[in-house]
Amino acid sequence: MNIYEKCDVLESEKFLLRLVEKEDCDDLLKVYSDKNALPFFNSDNCDGDNFYYATKERMGEALDFWKLSYDNGWFARLSIVDKSTSDVVGTVELCLRVSEDEFNNMGILRIDVRSDYEKEVMLYEIMALIIPHISGLLGCDGILTKVPIYAVERMKAVQKAGFTKSEHLLIGKTGYAYDGYWTIR
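All values reported here derive from a predicted model rather than from experimental measurement.

What follows covers the pairing of strand β4 (residues 87–97). Of all 11 residues in β4, nine are buried; the element is thus mostly enclosed. Relative to β4, strand β3 (residues 76–82) is paired through seven bridges, and the arrangement is antiparallel. Pairing of arginine 77 across the sheet is with glutamate 93, part of β4. Hairpin geometry of β3 and β4 is characterised by an intervening segment of four residues between the two adjacent antiparallel strands and by a positive phi of about 65° at serine 86. Where β4 and strand β5 (residues 106–113) come together, eight bridges link them in antiparallel fashion. Residue glutamate 93 lies in a different strand from β5, and its bridge partner there is arginine 110.

When two helices pack together, their arrangement is given by the angle between the helix axes and the distance between those axes. Between helix α1 (residues 25–32) and helix α2 (residues 56–71), whose axes approach to 9 Å, the crossing angle comes to 105°. Overall, the two elements α1 and α2 adopt an arrangement that is roughly perpendicular. Contacts between α1 and α2 involve Cys25, Asp26, Leu28, Leu29 and Tyr32 from the former and Lys56, Met59, Gly60, Leu63 and Trp66 from the latter. Tallied by class, residues from the contact of α1 with α2 come to seven nonpolar, one polar and two charged.

Within the secondary structure, glutamate 118 is located in the loop between β5 and α3 (120–138). Sequence-distant contacts of glutamate 118, defined by excluding residues within four places in its chain, comprise Phe40, Val113, Leu123, Glu153 and Arg154.

This part covers the side chain of arginine 18. Residue placement: arginine 18 occurs in strand β2 (residues 15–19). Within the structure, arginine 18 has its side chain in polar contact with the side chain of aspartate 24 (distance 2.8 Å). Discounting residues that sit within four places of it in the chain, arginine 18 has contacts with Val9, Asp24, Arg77, Leu78, Ser79, Val81 and Val88.

The rules behind the values
- Residues numbered from 1 in each chain as written.
- Predicted model: local features only at pLDDT ≥ 70, side-chain atom pairs only at ≥ 80, totals over all residues.
- Heavy atoms only, no water.
- Buried < 20%, exposed > 50% of the residue type's maximum accessible area, 1.4 Å probe, protein only.
- Helix = DSSP H or I, 4+ residues; strand = E, 2+ residues; numbered from the N terminus.
- Pairing = 2+ DSSP bridges.
- Axes fitted to C-alpha atoms, helices over the stretch in contact; angles between N-to-C directions.
- Parallel < 35°, antiparallel > 145°, perpendicular 65-115°, else oblique.
- Contact = heavy atoms within 4.5 Å.
- Nonpolar A, V, L, I, M, F, W, Y, C, P; charged D, E, K, R; others polar.
- Polar contact = N/O pair within 3.5 Å; in protein donor to acceptor, adjacent residues only side chain to side chain.

Structure, rendered in structure tokens:
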């Protein structure tokens, strides 16, 4: 199933993943204006956007761009809903990487969560919910995700999920080389 033809809702005991909606704006503003969460967001190759959105207007613009991107098949952005509170506590971004580096035809997994959700157990549960579906959704050969060296909770979660640290750099569209990527093949 191609994610751009149909995006199913994925659900675990704690979380639900679904396409972002305009109504998620207030909850997502709490995520993307959280300065303690900002260092964990992967903005590599994102044309200078650092994903810090301090106003409802700016968050709304991001939601509009994410919808446009989904409609054009550039990437899919899913809201992470905590079922115990019904709050949107973050997003998952998925896209297929087409490149001439070691990461060609791999699915990029980005997980942005509020800082109080940047915990191994929560990140792992989100990964365990989405990882089994990525290959089918994107038609990719593997998955890559970024983990900064200071992201100790995230690092434990990706290791538990089966990722290994890559020795290769991700080459961006401007030629800049990014490090800190972990992969599952």
